[in-house]
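Below are the chains, spelled out letter by letter.
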Amino acid sequence: MRILGIETSCDETAAAIVENGTEVISNIVASSSEMHAKTGGVIPEQAARQQIVSILPVISEASKSKTFDAIAVTVGPGLIGSLLVGVETAKTLAYLSKKPIVPVNHLTAHVYSNWISENPPVFPALALVVSGGHTDLVLMKNHEKILWIGGTRDDAAGEAFDKTARLLQLPYPGGPSIAKEANKYLSRLHNPQLRMFPRPMINKNNFDFSFSGLKTAVLRGVNTQQRVSKQRLAAEIQEAIVDVLVRKALDAVKKIKPKSLLLAGGVSANSRLREKFKKTIKSQSLIIDLRFPPEILCTDNAACIASYAYFNFKPLPWNRITANAELTITDKA
Ligand code: KG4
Ligand code: ZN
């Protein structure tokens, strides 16, 4: 079965066709992030207007001379104005084509980027979803049963990258900008000590995260340690975020003993995060199948939306599909 996925939850307009949940037939992403780079962050009203401009060309490009059997659309969480563009377009398409339409939870769908593979992961799977707006650790017993294990109490991991990047006057989105500066620093030094910033809650016996304190620590660091280079500050910020994510996720692996560990969301594109997960799993001899998607499927895309819908194929009548900006990762769409 071929499913056309549609994703418009934030500042990406995306459409993709995926066969049997695992094979990408087409994958188109138009981003308005360059526009937001000028203002240092997403302005919801502008993001929604750009969705209107991009949605039809993006769907046409993804479905050009290709057939599909069903439609999948992100209904939430996200920016309501942006979500509505994708949802209403998908409903219209379903009505006109008489094809089934499946509502999709964007957060859960991020994890399905790991199923777009010749060798899909096995359950039970622990998933770490680290995006611009969310940081969640969930246990997937199967496609249906998802248990929330922990998450952030304040800022998301991606948000911590974005906000601290602003303090360093690095361009939006902050994650890739910080990673780029950090890599310059890391490539010059062998095994540098990176201990400037705190690792909140790292020793707490739970799976919760807190990243909001990092902004204050970085601001203080920028003001008081003026001789420290921007590249070093970027490496320190990245390390503080990565250390907490690796530690908490692997603590959960030791306690729950899942078969796979699935990284997902924009921050899972971070090469230092991937590397530290691999190294720590090896040095602690943990038995776990670590998976992370190719970079293009870490950030917002529609291929994972289509994949999710294949493995959770619950179509609704088109007129019962509604956007819901407030969904959490364990909510059914
Ligand atoms: O999943 P995503 O594309 O959108 C949301 O659903 O939020 O995640 C975007 C977030 C942004 O905060 C961005 O700075 C971060 O992912 N990000 C990264 C990297 N690439 C994107 N963070 C760290 N390192 C990266 N390479
Ligand atoms: Zn996302």
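Look a little higher up for the structure.
The structure displayed is predicted, hence computed values, not measured ones.

Rules of the game
Residues numbered from 1 in each chain as written. Chains lettered and ligands numbered in written order. Predicted model: local features only at pLDDT ≥ 70, side-chain atom pairs only at ≥ 80, totals over all residues. Heavy atoms only, no water. Near = heavy atom within 4 Å. Polar contact = N/O pair within 3.5 Å; in protein donor to acceptor, adjacent residues only side chain to side chain. Areas by Shrake-Rupley, 256 points an atom, 1.4 Å probe, with all protein chains shown as cover. Helix = DSSP H or I, 4+ residues; strand = E, 2+ residues; numbered from the N terminus. Nonpolar A, V, L, I, M, F, W, Y, C, P; charged D, E, K, R; others polar. Phe/Tyr/Trp six-rings, centres within 6.5 Å; stacked < 30°, edge-to-face > 60°. Buried < 20%, exposed > 50% of the residue type's maximum accessible area, 1.4 Å probe, protein only. Lys NZ or Arg CZ within 6 Å of the ring centre and 35° of its normal. Pairing = 2+ DSSP bridges. Right-handed = clockwise from strand over helix to strand, strands pointing away. Contact = heavy atoms within 4.5 Å. Core = buried A, V, L, I, M, F, W, Y, C linked by side-chain atoms within 4.5 Å. Expected span 1.5 Å × (residues − 1). Salt bridge = Lys/Arg side-chain N within 4 Å of Asp/Glu carboxyl O.

1. So, the site of ligand 1
Thought 1: Neighbouring ligand 1 are 19 residues; Gly132, Asp162, Gly175, Gly266 and Asn270 lie closest to it.
Thought 2: Between ligand 1 and Gly132 there is a distance of 2.8 Å, counted from an oxygen atom to a backbone nitrogen or oxygen.
Thought 3: Protein chains shield 87% of the accessible area of ligand 1, which is 560 Å² for the free molecule.
Thought 4: Those elements that provide at least two residues to the shell around ligand 1 are helix 4 (106–111), helix 5 (157–167) and helix 6 (174–188).
Thought 5: Residue composition of the shell around ligand 1, by class: five nonpolar, twelve polar and two charged.

2. Focus on the packing of aromatic side chains
Thought 1: Enumeration according to the criterion identifies eight aromatic pairs in this entry.
Thought 2: Ring plane angle 25° and centroid distance 4.7 Å describe the contact between Tyr112 and Trp115, whose orientation is recorded as stacked. A single burial state applies to Tyr112 and to Trp115, both of which are buried.
Thought 3: Seen in terms of ring centroids, Phe209 and Phe211 are 6.2 Å apart; in terms of plane orientation they differ by 15°. Their pairing is stacked. Note on accessibility: Phe209 and Phe211 belong to one class, buried.
Thought 4: A connected cluster of aromatic rings, assembled from ring pairs, spans Tyr112, Trp115, Phe123, Tyr308, Tyr310 and Phe311.
Thought 5: Above the face of the Phe68 ring, Lys99 is positioned so that its terminal group lies 4.4 Å from the ring centre.

3. Re the pairing of strand 9 (residues 260–264)
Thought 1: Summarising burial for strand 9: five of the five residues are buried, a large majority.
Thought 2: Taking every second residue as pointing to the same face, both faces of strand 9 are buried, with Ser260, Leu262 and Ala264 on one and Leu261 and Leu263 on the other.
Thought 3: Across three bridges, the pairing between strand 9 and strand 10 (residues 289–291) is parallel. Paired with Leu261 across the bridge in strand 10 is Leu290.
Thought 4: Handedness of the crossover joining strand 9 and strand 10 through helix 9 (residues 271–283): right-handed.

4. Observations regarding the side chain of Thr164
Thought 1: Relative to the helices and strands, Thr164 resides in helix 5.
Thought 2: Its relative accessible area of 0% is what places Thr164 among the buried residues.
Thought 3: When sequence neighbours within four positions are dropped, the list of residues in contact with Thr164 reads Ile178, Leu214, Lys215, Val218 and Ile237.

5. Topic: the nonpolar core
Thought 1: Ranked by size, the top nonpolar core spans 48 residues in total, and within it Leu128, Ile241, Leu245, Leu261 and Phe277 carry the most contacts.
Thought 2: At the level of elements, strand 6 (125–130), strand 7 (135–140), helix 5, helix 6, helix 7 (212–224), helix 8 (230–256), strand 9 and helix 9 are the ones that each hand at least two residues to this core.
Thought 3: Apart from residues no more than four positions distant in its own chain, Leu261 is found in contact with Leu126, Leu250, Val253, Phe277, Ile288, Asp289, Leu290 and Arg291.
Thought 4: Counting residues in hydrophobic clusters, the runner-up holds 31 residues, among them Ala125, Val129, Ile146 and Cys304.

6. Some words on helix 9
Thought 1: An ideal rise of 1.5 Å per residue puts 18 Å on 13 residues; helix 9 measures up with 18 Å between its terminal C-alpha atoms.
Thought 2: Within helix 9, burial applies to Arg272, Leu273, Arg274, Phe277 and Ile281.
Thought 3: Looking at the buried residues of helix 9, the elements they touch are strand 6, helix 6, helix 8, strand 9 and strand 10.
Thought 4: The distance from a side-chain oxygen at the start of helix 9 to the backbone nitrogen of Arg272 is 3.1 Å, and the residue carrying that oxygen is Asn270.
Thought 5: Among the residues trailing helix 9, Ser285 stands out with phi positive, at a value near 50°.

7. Thoughts on the pattern of salt bridges
When the charged atoms of two side chains with opposite charge come close together, those side chains can pair.
Thought 1: In total, this model carries 19 salt bridges according to the counting rule given.
Thought 2: As a salt-bridge pair, Lys163 and Glu159 come within 2.9 Å of each other at their nearest N and O atoms. One end of the pair, Lys163, and the other, Glu159, are both in helix 5, four residues apart, so they sit about a helical turn from each other.

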